[in-house]
Amino acid sequence: MNKYTAPNWASSVLLTIDTQNDFTLPDAPARIAGTAEVLPYMQQLLQAYREANLPIVHVIRLYQTDGANVDICRKELIENGTVIAAPGTDGAELVAEIKPQEAPDLEAESLLRGQFQQIGPNEWVMYKPRWGAFYGTELEAFLRGKGTDTLVFSGCNFPNCPRTTMYEASERDFRVVMVPDAISGVYELGITELSRIGIVMLPTNEVVNEVAGVAAPL
């Protein structure tokens, strides 16, 4: 960690990646092993960010049932009738453990158009069409508009979407914090490789301690 990669907690945003029912629940059609197990750590991070009034962005996938917006590696599967995170279904919703109180259901049509849906006082959901959350989205403009320079990562399936988005964030000169115990699918070589490009590795308890007492403007 150096002066260019060290987190600025007061100008940070917490990201959750793809922590949706269809990727998390025990009987889910596309369950990612280990995601349910990291939910308690994600809850701790979310509570800390909510108490500090710092922004939270939940990044999700939505697979249209005709396969129109699906990555080519899964397109045939969806075209053949498998339903995963389909717009308007319960499987596409954020898991209950990470939703703010009284959060509305997802507005799939507006999300698919690239809009950010606010679901809490300082909390939003956004849709990404591919692995990385910056690809084909307005995420960078959204973050710059909030004065964000530090991204903190939690969520589902490290090798795919979290890892890709961290590379994209690094390419855009964001300071990046990965919270390994709050991400499913983490493996040691991946941690080593990302550390070499300046990604800061911190456990949940250290992030919570750093965020405590940070007061973002209302």
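Anything mentioned here points back to the structure above.
So, here's what we can say about the structure. (Residues numbered from 1 in each chain as written. Predicted model: local features only at pLDDT ≥ 70, side-chain atom pairs only at ≥ 80, totals over all residues. Heavy atoms only, no water.)

**A look at the sheet that holds strand β4 (residues 123-127)**
The strands that make up a sheet are held in pairs by hydrogen bonds between backbone atoms, and each pair lies either parallel or antiparallel.
Phase 1 of the analysis: The 7 strands lie next to each other as β3-β4-β2-β1-β5-β6-β7, forming an open sheet whose pairing is mixed. Strands at the two margins of the open sheet, each flanked by one partner only, are β3 (117-120) and β7 (200-201).
Phase 2 of the analysis: Direction of pairing for strand β2 (residues 56-60) relative to β4: parallel, over a ladder of 5 bridges. Following the sheet pairing, V59 is matched in β4 by M126.
Phase 3 of the analysis: Sitting on the sheet, helix α8 (residues 204-211) is in contact with β5 (150-155) and β6 (175-183), with an inclination near 130° to β6. (Pairing = 2+ DSSP bridges. Helix = DSSP H or I, 4+ residues; strand = E, 2+ residues; numbered from the N terminus. Contact = heavy atoms within 4.5 Å. Axes fitted to C-alpha atoms, helices over the stretch in contact; angles between N-to-C directions.)

**Focus on the side chain of T24**
Phase 1 of the analysis: In this fold, T24 is placed in helix α1 (residues 21-24).
Phase 2 of the analysis: Residue T24 is classed as buried on the basis of its relative accessible area of 3%.
Phase 3 of the analysis: Engagement of the side chain of T24 in a polar contact is seen with the backbone oxygen of Q20, the distance being 2.8 Å.
Phase 4 of the analysis: Those residues in contact with T24 that lie beyond four places of it in its chain are T19, R31, T35, A36, L39 and V95. (Buried < 20%, exposed > 50% of the residue type's maximum accessible area, 1.4 Å probe, protein only. Polar contact = N/O pair within 3.5 Å; in protein donor to acceptor, adjacent residues only side chain to side chain.)

**Observations regarding the packing of helix α2 (residues 35-51) against α8**
Phase 1 of the analysis: Running from amino to carboxyl end, α2 crosses α8 at an angle of 5°, the nearest separation of the two axes being 9 Å. One finds that α2 runs roughly parallel with respect to α8. Two secondary-structure elements touch here, α2 through Y41, Q44, L45, A48 and Y49 and α8 through T204, V207, V208 and V211. (Parallel < 35°, antiparallel > 145°, perpendicular 65-115°, else oblique.)

**Quick notes on the nonpolar core**
Phase 1 of the analysis: W9, Y49 and V207 are the most contacted members of the largest nonpolar core, which has 43 residues in total.
Phase 2 of the analysis: Going through the elements one at a time, α2, β2, α4 (108-112), β4, β6 and α8 are the ones with two or more residues in this core.
Phase 3 of the analysis: With 7 residues, the top contributor of residues to this core is α2.
Phase 4 of the analysis: Apart from the residues within four sequence positions on either side, V207 is in contact with W9, L45, Y49, V152, V177, V179 and L202.
Phase 5 of the analysis: Counting residues in each nonpolar core, the second largest holds 25 residues, with A133, F142, M166 and F174 among its members. (Core = buried A, V, L, I, M, F, W, Y, C linked by side-chain atoms within 4.5 Å.)

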